[in-house]
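Reading the structure
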Amino acid sequence: LFDGVYPFYPQQRKAAVFDISTIIVIVVFLTLACSFLLIILGIRGRARLYWTLRVLLSLAMGMVIVVVQFTGDWERGWVRANTSYKSFSPALVSADIGLHVGLAGVNVTMLGAPVRQLNETIDYNEHFAWGADYEQSYGAGLQKGLPTPILYVAEKFRARSPCGVQQQYRSAGRYASIALWVAFCTWLISNVLFSTPALVYGGYMLLLTSTFLICSLLSFSTVRTSLLCPIQFGPVALHTAYGGSFWLTLAVGLLCLLAGVTVVLLHHFNLDLLKTFFDLRGDLAEECQEMSQVYSNPHFVSKGL
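Thresholds applied
Residues numbered from 1 in each chain as written. Predicted model: local features only at pLDDT ≥ 70, side-chain atom pairs only at ≥ 80, totals over all residues. Heavy atoms only, no water. UniProt positions renumbered as here; feature names shortened; annotations may be inferred. pLDDT = per-residue confidence, 0-100. Helix = DSSP H or I, 4+ residues; strand = E, 2+ residues; numbered from the N terminus. Contact = heavy atoms within 4.5 Å. 1 Å grid on protein atoms, 1.4 Å probe; cavity = no way out; pocket = protein on both sides within 12 Å on 5 of 7 lines; lining within 4 Å. Points joined across faces, edges and corners; volume = space filled by probe spheres on them. Core = buried A, V, L, I, M, F, W, Y, C linked by side-chain atoms within 4.5 Å. Buried < 20%, exposed > 50% of the residue type's maximum accessible area, 1.4 Å probe, protein only. Salt bridge = Lys/Arg side-chain N within 4 Å of Asp/Glu carboxyl O. Phe/Tyr/Trp six-rings, centres within 6.5 Å; stacked < 30°, edge-to-face > 60°. Lys NZ or Arg CZ within 6 Å of the ring centre and 35° of its normal. Axes fitted to C-alpha atoms, helices over the stretch in contact; angles between N-to-C directions. Parallel < 35°, antiparallel > 145°, perpendicular 65-115°, else oblique. Left-handed = near helix turned anticlockwise from the far one by under 90°. Nonpolar A, V, L, I, M, F, W, Y, C, P; charged D, E, K, R; others polar.

If you check an unreviewed UniProt entry, the protein appears there as DOXA2 factor from Tricholaema leucomelas. Word for word, the UniProt comment on the protein under Sequence similarities (unreviewed entry) is "Belongs to the DUOXA family."

As a further point, take the confidence of the model for the protein. On average, residues of the protein score 83 in pLDDT, and 84% of them reach the 70 mark or higher. The spread of mean pLDDT over the elements of the protein runs between helix 9 (residues 281-287), the lowest at 47, and helix 6 (residues 199-221), the highest at 94. This stretch, residues 9-17, has a pLDDT under 50; its non-local contacts, to residues over four places away or in other chains, come to 11 contacts. Confidence drops under a pLDDT of 50 for residues 283-292, and excluding neighbours within four residues, the segment shows two contacts in the predicted structure.

Empty space among the atoms becomes apparent when a probe as large as a water molecule is rolled across them. Here the second largest pocket is characterised by a volume of approximately 720 Å³. Along the walls of the second largest pocket sit 28 residues, with Arg54, Val55, Phe194, Phe277 and Phe278 positioned nearest its centre. Taken together, the elements giving at least two residues each to the lining of the second largest pocket come down to helix 2 (46-67), helix 5 (166-194), helix 7 (244-269) and helix 8 (271-277). It is helix 2 that provides the largest number of residues to the lining of the second largest pocket, a total of nine residues.

Our focus in this paragraph is the nonpolar core. If you look at the biggest cluster of nonpolar residues, it comprises 67 residues, and the most contacted ones within it are Trp74, Leu99, Met110, Val153, Phe157 and Phe233. When neighbours within four sequence positions are excluded, phenylalanine 233 is seen to be in contact with Val79, Ala81, Thr83, Ile97, Pro149, Tyr152, Val153 and Leu238.

The full count for this structure, using the stated rule, is three salt bridges. Put simply, arginine 80 and aspartate 96 hold a salt bridge, and the shortest N to O gap is 2.7 Å. Placement of the pair is arginine 80 in strand 1 (residues 75-84) and aspartate 96 in strand 2 (residues 92-101), with a sequence separation of 16 residues.

Glancing now at the packing of aromatic side chains. Applying the stated rule across the entire model yields 18 aromatic pairs. A ring pair is formed by tyrosine 152 and phenylalanine 233, whose centres lie 5.4 Å apart and whose planes are at 80°; its orientation type is edge-to-face. You can see tyrosine 152 sitting in helix 4 (residues 148-155) and its partner phenylalanine 233 sitting in strand 5 (residues 231-233), a full 81 residues away along the chain. Look at phenylalanine 233 and you get buried, because its relative accessible area is 5%. Ring centres 5.7 Å apart and planes at 70° place the aromatic pair phenylalanine 157 and tyrosine 169 in the edge-to-face group. On the criterion of sequence distance, the pair formed by phenylalanine 157 in the loop between helix 4 and helix 5 and tyrosine 169 in helix 5 is long-range, its members being 12 residues apart. For phenylalanine 157, a relative accessible area of 1% corresponds to the buried category. Counting every residue linked through ring pairs, the aromatic cluster contains Trp74, Phe220, Tyr242, Phe246 and Trp247. Just above the ring of phenylalanine 277 sits the side chain of arginine 54; from NZ or CZ to the centre is 5.8 Å.

At a closest axis distance of 10 Å, the pairing of helix 2 and helix 7 adopts a crossing angle of 140°. Here helix 2 is positioned oblique relative to helix 7, judged by the angle of their axes. Considering only the axes of helix 2 and helix 7, their crossing is left-handed. The residues of helix 7 that touch helix 2, namely those facing Leu57, Met61 and Val64, are Leu248, Val252, Leu255 and Cys256. When grouped by side-chain class, the residues that make up the contact of helix 2 with helix 7 number seven nonpolar, no polar and no charged.

What follows is the structure in structure tokens.
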């Protein structure tokens, strides 16, 4: 034995803690933020505070828009139940069974309470992607002998299941993802426009970004209009609700809406304050600068011209 496991046999899968795509996106945006913090040292006065607020807030918006594409907690639910562990075995285990629905698929988790039961470590996190890959993942789970609760929950989302919810979740996730990518494009355009004197158009693009974010939420919410097949474990049932990614997207959408409305209102009612916040007050001063001295021709002055 090597650390209690036969070295020449495949070991039990470990539960995933973080998604690699999410980590990559977060690292990229944190790198941009750190690079800006080094540049901000060369800006003097109150403009440094304005630049820091604008850039960090904009990077946070963009990071959330991209990250929620890869997260798996748009809809989630947990239940603790005493259930069978393996097929054709009367042994029961106490475990927390979780369901996490994302835009690209569904994750089913199972965590023992306690983790060590029946001389095994009960800690599973299995991902099933929508589409043709779902049947392949489900078939691979059957061959590996995944715990019965995981296969039972995953079976509810099969295309052949009488529940018929896979197509709804798949379509809702696809359209929500498209809306998020369009929102990311409009966010990029708004940042370009905010670096030009056309600030009001940047505000309009923020309003458009907010619109697409809300459209992605409405698209995903359509799956809640249909009843999900009951996921029953004895006397208890697994119920789902909107997860962290859904509420985070809603918060960023409202933030974009507030920022866009503020920029548009300041453009119409207090343009000087808006230009000061975006560090364009110097250009306005050059446009309105008056001549300190005037040189006149005495010949024309004497003639009253």
